[in-house]
Amino acid sequence: MVQAGGKRFRPQLLLAVVKAYQPLLLEGAKQVAYGVELLHTYSLIHDDLPAMDNADLRRGHPTLHTTYNEATAILVGDGLNTHAFYLIATAPFSSEIRVELIKTLGENGGLEGMVLGQAIDVEFEGKKLDLKQLKFLHTHKTGKLIAASLKMGAIIVNRFQLGEELYRFGLELGLLFQIQDDLLDLEESKTTGKTTGLDWNKNTFVTLLGVAGAYREAEGLADRLEEWLSRLDKPVQKELKKVIGKYLRRHRREGRDKKVNKREQREEG
Ligand code: IPE
Ligand code: IPE
Ligand code: MG
Ligand code: MG
Ligand code: MG
């Protein structure tokens with residue numbers, strides 16, 4: 001599942017921050033970035049399980065529980081989760097830096113972060129949340145790991161204050177990323193490489209605000225992030241632009257505007 005690919009968005013964010021300030025640390029940082037990607041991949045494997053989203057396609061391949069069985073998928077997920085922390089604990093950085101990295105990933109990937117978001121997502125299937133609660137859900141299930149990736153890059157280069165700002169930036173970037181993902185659930189599986197059409201009973205920006213509403217929310221966030229990006233310290237701005245640039249308007253897909261207008265008319269009607 002790791003080798004199957006994926007966008008590698010989170011490790012790229014982490015490495016972009018390192019590259020901006022201390023390119024010589026990139027080799028060591030790759031081990032940490034790999035750890036983040038392993039934890040993320042575990043979250044996808046478990047997310048696809050029958051007890052959660054029950055998806056049979058991921059990253060263009062059948063999910064592990066379809067190819068093998070559920071026990072295998074659960075155990076591979078468990079293994080990737082723990083191995084992530086092993087990799088970071090053995091990365092070539094000082095013990096203080098390593099503890100900060102482990103703390104950040106543990107806090108944001110676990111009970112206070114991604115796992116909490118996933119728990120709310122599953123618990124409130126079929127029960128409607130309000131917009132504020134939905135933002136809380138998305139910020140936890142997706143935003144926190146994205147924010148942590150940026151912050152971990154800053155920890156590696158010893159810039160803790162920058163790490164705090166990038167963390168706040170990352171929470172909003174993660175929210176945008178998940179709204180776009182909600183819109184992608186309307187696309188065909190062959191475009192996304194994963195099972196789609198699974199969100200109809202879930203709390204998403206599309207189910208709460210409609211396609212047009214989700215699209216507008218994404219546009220607003222993308223504008224805000226673009227402006228924020230232009231105010232960041234120059235070196236990190238330059239590197240982050242390379243990674244984030246193509247994702248900021250990911251929701252603007254060919255023909256989407258027309259579809260949005262049509263749906264908007266229907267929804268209003
Ligand atoms: C999918 O993450 C799940 C979300 C948190 C939105 P990605 O869209 O980053 O999936 P991959 O890693 O590219 O497969
Ligand atoms: C999952 O959100 C977020 C995770 C923490 C894995 P989704 O359930 O929307 O992700 P996809 O659409 O299956 O990739
Ligand atoms: Mg899910
Ligand atoms: Mg899912
Ligand atoms: Mg989704």
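Structure's up top.
The structure presented is a predicted model; accordingly, all values stated were derived computationally and were not measured.

A. Here's a closer look at the environment of His83. Examined against the element boundaries, His83 turns out to sit in helix α4 (residues 70-89). Taking the relative accessible area as the measure of exposure, His83 reaches 35% and is therefore partly exposed. For the pair formed by His83 and Gly35, sequence separation is 48 residues and the distance between their alpha carbons is 7.2 Å.

B. Spatial organisation of the pattern of salt bridges. Tallied over the entire structure, the rule returns 24 salt bridges. The partner of Lys103 in a salt bridge is Glu100, with the nearest N and O atoms 3.6 Å apart. Of this pair, Lys103 and Glu100 are both found in helix α5 (residues 95-109), 3 residues apart, which corresponds to roughly one turn of the helix. A relative accessible area of 25% places Glu100 in the partly exposed class. The network of salt bridges with shared partners includes Asp53, Asp121, Glu125, Lys141 and Lys202.

C. Main features of the coordination of the magnesium ion (ligand 3). At 2.2 Å from the magnesium ion (ligand 3) lie its protein donor atoms, namely Asp47 (OD) and Asp53 (OD). The distance between the magnesium ion (ligand 3) and the magnesium ion (ligand 4) comes to 3.1 Å, and Asp47 binds to both of them. The burial state of Asp47 is the same as that of Asp53; both residues are buried.

D. Spatial organisation of the packing of aromatic side chains. As enumerated under the stated definition, the model contains 4 aromatic pairs in all. Ring plane angle 5° and centroid distance 4.7 Å describe the contact between Phe9 and Phe177, whose orientation is recorded as stacked. Of this pair, Phe9 sits in helix α1 (residues 9-21) while Phe177 sits in helix α8 (residues 160-184), and the two are 168 residues apart along the sequence. Of the two residues examined, Phe9 and Phe177, each falls in the buried class. Where Phe169 meets Trp228, the ring centres are 5.3 Å apart and the plane angle is 90°; that geometry is what we call edge-to-face. With a gap of 59 residues between them, Phe169 in helix α8 and Trp228 in helix α10 (residues 205-231) connect regions that are remote in the sequence. Ring pairing ties together the aromatic residues Phe9, Phe177 and Tyr247, which thus form one cluster. The residue whose ring lies beneath Lys151 is Tyr167, and the NZ or CZ to ring-centre distance is 5.4 Å.

E. Seen up close, the site of ligand 1. The environment of ligand 1 is formed by Gly6, Lys7, Arg10, His40, Leu44, Arg59, Thr142, Phe177, Gln178, Asp181 and Lys194. A distance of 2.7 Å is found between an oxygen atom of ligand 1 and a side-chain nitrogen or oxygen belonging to Arg10. Here an oxygen atom of ligand 1 sits 2.8 Å away from a polar atom, N or O, in the side chain of His40. The cavity where ligand 1 resides is the largest pocket. Going through the elements one at a time, α2 (26-47) and α8 are the ones with two or more residues in the shell around ligand 1.

F. View of the layout of surface pockets. In this structure, the largest pocket occupies an estimated 790 Å³ of space. Along the wall of the largest pocket there are 40 residues; nearest its centre are His40, Leu44, Arg58, Asp181 and Lys194. Elements represented by at least two residues in the lining of the largest pocket include exactly α1, α2, α6 (114-123), α7 (131-156), α8 and α9 (189-192). Per-class residue counts for the lining of the largest pocket are 8 nonpolar, 13 polar and 19 charged.

G. View of the site of ligand 2. As a matter of local geometry, ligand 2 sits amid Ser43, Leu44, Asp47, Asp53, Arg58, Met114, Gln118, Lys141, Gln178, Asp181 and Lys194. Side-chain polar atom of Asp47 to an oxygen atom of ligand 2: 2.9 Å apart, as the coordinates give it. Within the side chain of Gln178, one N or O atom sits 3.4 Å away from an oxygen atom of ligand 2. If you list the elements that add at least two residues to the shell around ligand 2, you get α2, α6 and α8.

H. Local environment of the side chain of Glu219. Summarising the element assignment, Glu219 is placed in helix α10. Aside from chain neighbours lying at most four places away, what touches Glu219 is Arg249, His251 and Arg252.

I. Highlighting the packing of α1 against helix α11 (residues 234-248). Remark: α1 packs on α11, axes separated minimally by 7 Å, with the N-to-C direction vectors making an angle of 160°. With respect to each other, α1 and α11 are oriented roughly antiparallel. Both α1 and α11 take part in a crossing whose hand is right-handed. On α11, the residues that touch Phe9, Gln12, Leu13, Ala16, Val17, Lys19, Ala20 and Tyr21 of α1 are Pro235, Val236, Glu239, Leu240, Lys242, Val243, Ile244 and Tyr247. Partitioned by chemical class, the residues of the contact of α1 with α11 number 12 nonpolar, 1 polar and 3 charged.

Definitions and cut-offs
Residues numbered from 1 in each chain as written. Chains lettered and ligands numbered in written order. Predicted model: local features only at pLDDT ≥ 70, side-chain atom pairs only at ≥ 80, totals over all residues. Heavy atoms only, no water. Helix = DSSP H or I, 4+ residues; strand = E, 2+ residues; numbered from the N terminus. Buried < 20%, exposed > 50% of the residue type's maximum accessible area, 1.4 Å probe, protein only. Salt bridge = Lys/Arg side-chain N within 4 Å of Asp/Glu carboxyl O. Donors = N, O, S within 2.8 Å, 3.2 Å for Na, K, Ca; no water. Phe/Tyr/Trp six-rings, centres within 6.5 Å; stacked < 30°, edge-to-face > 60°. Lys NZ or Arg CZ within 6 Å of the ring centre and 35° of its normal. Near = heavy atom within 4 Å. Polar contact = N/O pair within 3.5 Å; in protein donor to acceptor, adjacent residues only side chain to side chain. 1 Å grid on protein atoms, 1.4 Å probe; cavity = no way out; pocket = protein on both sides within 12 Å on 5 of 7 lines; lining within 4 Å. Sits in = over half its atoms within 2 Å of the grid points. Points joined across faces, edges and corners; volume = space filled by probe spheres on them. Nonpolar A, V, L, I, M, F, W, Y, C, P; charged D, E, K, R; others polar. Contact = heavy atoms within 4.5 Å. Axes fitted to C-alpha atoms, helices over the stretch in contact; angles between N-to-C directions. Parallel < 35°, antiparallel > 145°, perpendicular 65-115°, else oblique. Left-handed = near helix turned anticlockwise from the far one by under 90°.

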